Amino acid sequence: DAKTTQPPSMDCAEGRAANLPCNHSTISGNEYVYWYRQIHSQGPQYIIHGLKNNETNEMASLIITEDRKSSTLILPHATLRDTAVYYCIVWSNAGNNRKLIWGLGTSLAVNP
Amino acid sequence: DARVTQTPRHKVTEMGQEVTMRCQPILGHNTVFWYRQTMMQGLELLAYFRNRAPLDDSGMPKDRFSAEMPDATLATLKIQPSEPRDSAVYFCASGLYEQYFGPGTRLTVT
């Protein structure tokens, strides 16, 4: 079972910020928070990840609460091309574990 | 721009036939994954390899599915014999920590 909880769907107006929440209340100290997205008919795409600190890259920002029990992915200026399913995953790279547990994600619709 | 490539992109076959899907991981990535995605089950991990050795294939039906990495540039997933319930999109991914996915093979078994 996925260790994260996400809303099944969200809407956002084009040009506005999209804030996608994720709850991971059982996250362990060595587990990272990863975000991927899947645009229709394509393979999932890595977006960003973080452990404790907030992170930003050219695609998005990741805000992790101080207790690490939840996080928010922010797309600062959403475009129609950001319409996709967004997956929040918690994962530890300890040992040989490379197995991600994928939940159902949040289906984000960016509207004109 | 390094990418994971998969062939074929689409495959339609009849029940009972053998299906082989191929994947070329990104050069230098020592971990390769095979996933299956359906509307009902979502994204499921079938197997993954590290340095060409299988690390976990617990998600794969052993009686009909097999996965191999003949060399560092090629991963294969075979289904023999194929069944209608195998119809799905099969993704290959590679990566050290972040996973980079290929475009998928859409398999239809009639």
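What you see is a predicted model, and the numbers here were worked out from it, not measured in a lab.

Caption draft 1: Summary view of the state of the cysteines. In total, this model carries two disulfides over all chains according to the counting rule given. Here A:Cys22 pairs with A:Cys88 through a disulfide, and the sulfurs are 2.1 Å apart. The disulfide joining A:Cys22 to A:Cys88 has a torsion of about -85° about its S-S bond and is therefore left-handed. Highlighted residues: A:Cys22 in strand E2 (residues 18–23) and A:Cys88 in strand E8 (residues 84–91), separated in sequence by 66 residues. Each member of the pair A:Cys22 and A:Cys88 is classed as buried. Disulfide partner of B:Cys23: B:Cys92, at an S-S distance of 1.9 Å.

Caption draft 2: Focus on the packing of aromatic side chains. Applying the stated criterion across every chain yields a total of 16 aromatic pairs over all chains. Relative to A:Tyr46, the ring of A:Tyr36 has its centre 5.8 Å away and its plane inclined at 75°; by these criteria the two rings are edge-to-face. Here the residue A:Tyr36 occupies a position in strand E3 (residues 32–38), and A:Tyr46 occupies one in strand E4 (residues 45–50), the gap between them amounting to 10 residues. Centroid distance B:Phe33 to B:Tyr35: 6.2 Å. Interplanar angle 25°. Geometry classified as stacked. There is no split in this pair, since B:Phe33 and B:Tyr35 are both buried.

Caption draft 3: Summary view of the pairing of E3(A). Residues and elements named next belong to chain A. Within E3, six of the seven residues are buried, leaving the element largely enclosed by the surrounding structure. Taken together, the seven bridges between E3 and E8 define a ladder with antiparallel strand orientation. Paired with Trp35 across the two strands is Cys88, which belongs to E8. Turn length for the E3-E4 hairpin, with the two strands adjacent in sequence and antiparallel, is six residues, and the turn residue Ser41 shows positive phi of about 70°.

Definitions and limits used
Positions within a chain are numbered from 1, following the residues in the order the chain's sequence is written. A letter from A marks each chain and a number from 1 marks each ligand, given out in the order of writing. Owing to the predicted nature of the model, reporting of local features is limited to residues with pLDDT of at least 70; listing and counting of side-chain atom pairs is limited to 80 or more, with chain, interface and lining totals taken over all residues. In computing side-chain values, all of the structure's heavy atoms are included and hydrogens and water are not. The disulfide definition used here is simple: a pair of cysteine sulfur atoms within 2.5 Å. Think of it this way: any DSSP run of H or I at least four residues long counts as a helix, any run of E at least two long counts as a strand, and we number them from the N terminus. In this scheme, a residue with accessible area under 20% of its type's maximum is buried, one over 50% is exposed, and one in between is partly exposed, where area comes from a 1.4 Å probe on protein chains only. Here the aromatic set is Phe, Tyr and Trp, taking the six-membered ring for Trp, and pairing holds for ring centres within 6.5 Å; pairs whose planes are under 30 degrees apart are stacked, those over 60 apart are edge-to-face, and all others are tilted. For two strands to be treated as a pair, DSSP must find at least two bridges joining them.

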